[in-house]
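Observations on the three-dimensional arrangement
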Amino acid sequence: MRLREAVAACAIFGAFSTAVVPALGSELATENGVQRVEAPIAQPVYTFTLDNGMQALVIEDRRAPVVTHMVWYRHGAADEPWGKSGIAHLLEHLMFKGTDKIPEGAFSKVVAENGGQDNAFTSYDFTGYFQRIAADRLGIVMGMEADRMVNLRLTEEMVTTEIDVVLEERAGRTDTNPGSLLSEQMLAALYRNHPYGIPVIGWREEIEALSLADAEAFYDAYYAPDNAILVVAGDVSAAAVEALAEEHYGPIPASGIQPPARPQEPPHRAARQVHLSDDRVRQPYVRRLYAVPAYDGDEPRRAAALSMLSSILGDGRTSRLIQALTFGEEAPAIGTAAWYSPTARDGATFGVFAAPKPGVSLETVEAALDAELARIAADGPTEEEIARIKNRARATLVYAQDNQASLARLYGAALAVGLQPSDMALYVRVFQEITAAEVQAAAQEWLVPERSVTGYLTRDEGEAG
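Overview of the structure. Keep in mind that what you see is a predicted model, and the values were worked out from it rather than measured. (Residues numbered from 1 in each chain as written. Predicted model: local features only at pLDDT ≥ 70, side-chain atom pairs only at ≥ 80, totals over all residues. Heavy atoms only, no water.)

1. Some remarks on the packing of helix α14 (residues 383–400) against helix α16 (residues 422–433)
Closest axis-to-axis distance for the α14/α16 pair is 9 Å, and the angle between their directions is 150 degrees. Classified by the angle their axes make, α14 and α16 are roughly antiparallel. Residues Ile389, Lys390, Ala393 and Arg394 of α14 pack against Phe431, Gln432 and Glu433 of α16. Partitioning the contact of α14 with α16 into residue classes produces 3 nonpolar, 1 polar and 3 charged. (Axes fitted to C-alpha atoms, helices over the stretch in contact; angles between N-to-C directions. Helix = DSSP H or I, 4+ residues; strand = E, 2+ residues; numbered from the N terminus. Parallel < 35°, antiparallel > 145°, perpendicular 65-115°, else oblique. Contact = heavy atoms within 4.5 Å. Nonpolar A, V, L, I, M, F, W, Y, C, P; charged D, E, K, R; others polar.)

Next comes the structure, spelled out in structure tokens:
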């Protein structure tokens, strides 16, 4: 239930690929510790840092008397001890069990009784908790979140029960879904050394072996204010949020946390393949992942060019793959896609997908897919394609500003992987500057066989379609 929330959080820069508002420059104001930062949105954005190291960001949005309160921790599934896969996600579930002040299972009940909603999510690089509630109840949820940051109380029975819940979650989402199993195996093949190759939810055998001691050790290692980011968006002032944060989070001492270094992926030198055949498959398809760079504030044009490339290939009915592979009587595919999510700490993936028409082989549709990738690498995109994607991105930003929770999530995900608030504005400007030549160069450099894993999903031979 909570794991899928991470998917939306990973699309951070896609929604901000648009024109930036005029730079604030010297008009950036500082008052008490609160500083206004340049932002690519109409709503003012402020930051401050508590003495214990907890970073905070506030998005003032006075259009409705509600707030979104989020706490992001700078750790996720990629920070788990070797052999303990799934502990980050399991602990996310266990964080709702209770403290001495809040009885077991009462956290969400209190939020609901105050008219709010709450949930949580786990990704490779971060774990987040959020509540959406009336603005005058912000102090209530902030106090509760601060309490469980350091006062969580667990028992063997709680852990055992929640392991069963997670195993059911894995069964429903992955074990009974051939497409999810293929995705899991493809990541394991793409990342042979980095923990991005281990599923966020964990391997079933390792989930079953997790214990109370594992949960407590992970909690003690990562749950602390100096490993956390507070994001509040809504009908509040930055000064008021700072005062509440000082009251609730300020007294919690810093832990001096030093997360261990992650193992890194060696250079990719050979194309890899995964073939999964399952009698539950109704629609075969070919899917490919490339290991590519994530967004880096020192080299923002690289990620911007990859984002532009993914949009040209897969964004809407006018995209390259849709036009080339699905239109016309001789078209080999019934569906295509392309995607790139640059919000990650240690690297990202660029993906393409094609599902063949009945009677068309996977080899045929893969050849058509490869031909289109080769064409954009050889000739580059047109100026009309570049302009269309930039215009569409402008509209996307307008819509994104209608949802305070989405804005909070976008900023939180960026900060949680080590970016700065100013990277939003920087990326937006750079995206509007990207040229056709840069997109072509990105395709030539990164969409190469040796950086890829290709997955084939087929139905077992001899089974009825």
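Having seen it, we continue.
2. Topic: α16
Its 12 residues place the ends of α16 17 Å apart at the C-alpha level, agreeing with the 16 Å of an ideal helix rising 1.5 Å per residue. Residues of α16 that are buried: Asp423, Met424, Ala425, Tyr427, Val428, Val430, Phe431 and Gln432. (Expected span 1.5 Å × (residues − 1). Buried < 20%, exposed > 50% of the residue type's maximum accessible area, 1.4 Å probe, protein only.)

3. Description of the sheet that holds strand β13 (residues 452–458)
Spatial strand order, β9-β13-β10-β12-β11: 5 strands in an open sheet with mixed pairing. Only two strands of the sheet have a single neighbouring strand rather than two, namely β9 (272–277) and β11 (333–340). Averaged over all pairs of adjacent strands, the angle between strand axes in this sheet comes to 15 degrees, irrespective of strand direction. Direction of pairing for strand β10 (residues 285–292) relative to β13: antiparallel, over a ladder of 6 bridges. (Pairing = 2+ DSSP bridges.)

4. Notes on the packing of aromatic side chains
Inspection of the entire model under this criterion finds 17 aromatic pairs. Ring geometry for Tyr73 versus Tyr223: centroids 4.3 Å apart, planes at 45 degrees, classification tilted. Of this pair, Tyr73 sits in strand β5 (residues 66–73) while Tyr223 is found in the loop between α9 (212–222) and β8 (228–234), placing the two residues 150 residues apart along the sequence. Tyr223 matches Tyr73 in its accessibility class, with the two residues each being buried. These aromatic residues form a ring-pair network of at least three members: Tyr73, Phe96, Phe107, Tyr129, Tyr219 and Tyr223. Geometry around Phe96 places Arg148 over its ring, the cationic atom sitting 4.6 Å from the centre. Lying over the aromatic face of Phe130, Arg409 brings its terminal NZ or CZ to 5.3 Å of the ring centre. (Phe/Tyr/Trp six-rings, centres within 6.5 Å; stacked < 30°, edge-to-face > 60°. Lys NZ or Arg CZ within 6 Å of the ring centre and 35° of its normal.)

5. Considering the environment of Met308
For Met308, the position within the fold is in helix α11 (residues 300–314). Look at Met308 and you get buried, because its relative accessible area is 0%. Separated by 67 residues in sequence, Met308 and Arg375 place their C-alpha atoms 16 Å apart.

6. Brief notes about the pattern of salt bridges
A complete count under the given rule lists 29 salt bridges for this structure. We note a salt bridge from Glu145 to Arg148, for which the minimum N-O separation is 2.6 Å. Here the residue Glu145 and the residue Arg148 both occupy positions in helix α5 (residues 138–150), the gap between them amounting to 3 residues, near one helical turn. By relative accessible area, which is 0% here, Glu145 ends up buried. A relative accessible area of 1% places Arg148 in the buried class. Salt-bridge contacts for Glu385 lead to Arg320; the nearest nitrogen and oxygen are separated by 2.7 Å. One end of the pair, Glu385, is in helix α14; the other, Arg320, is in helix α12 (residues 320–326), with 65 residues separating them in the sequence. (Salt bridge = Lys/Arg side-chain N within 4 Å of Asp/Glu carboxyl O.)

7. Brief notes about α11
Along its 15 residues, α11 runs 21 Å from first to last C-alpha, staying within 8% of the 21 Å computed at 1.5 Å per residue. The buried fraction of α11 is high, at 12 of 15 residues. Of all the residues in α11, the buried ones are Pro300, Ala303, Ala304, Ala305, Leu306, Ser307, Met308, Leu309, Ser310, Ser311, Ile312 and Leu313. Following α11 by one or two positions, Gly316 adopts a phi angle in the positive range, close to 90 degrees.

8. Some thoughts on the packing of helix α3 (residues 87–94) against helix α6 (residues 156–175)
For the pair α3 and α6, interaxial distance at closest approach is 10 Å and the crossing angle is 115 degrees. Relative to α6, α3 is oriented so that their crossing is right-handed. For the pair α3 and α6, contact is made by His89, Leu90, His93 and Leu94 and by Met158, Val159, Glu162, Ile163, Val165, Val166 and Glu169, respectively. Counted by class, the contact of α3 with α6 contains 7 nonpolar, 2 polar and 2 charged residues. (Left-handed = near helix turned anticlockwise from the far one by under 90°.)

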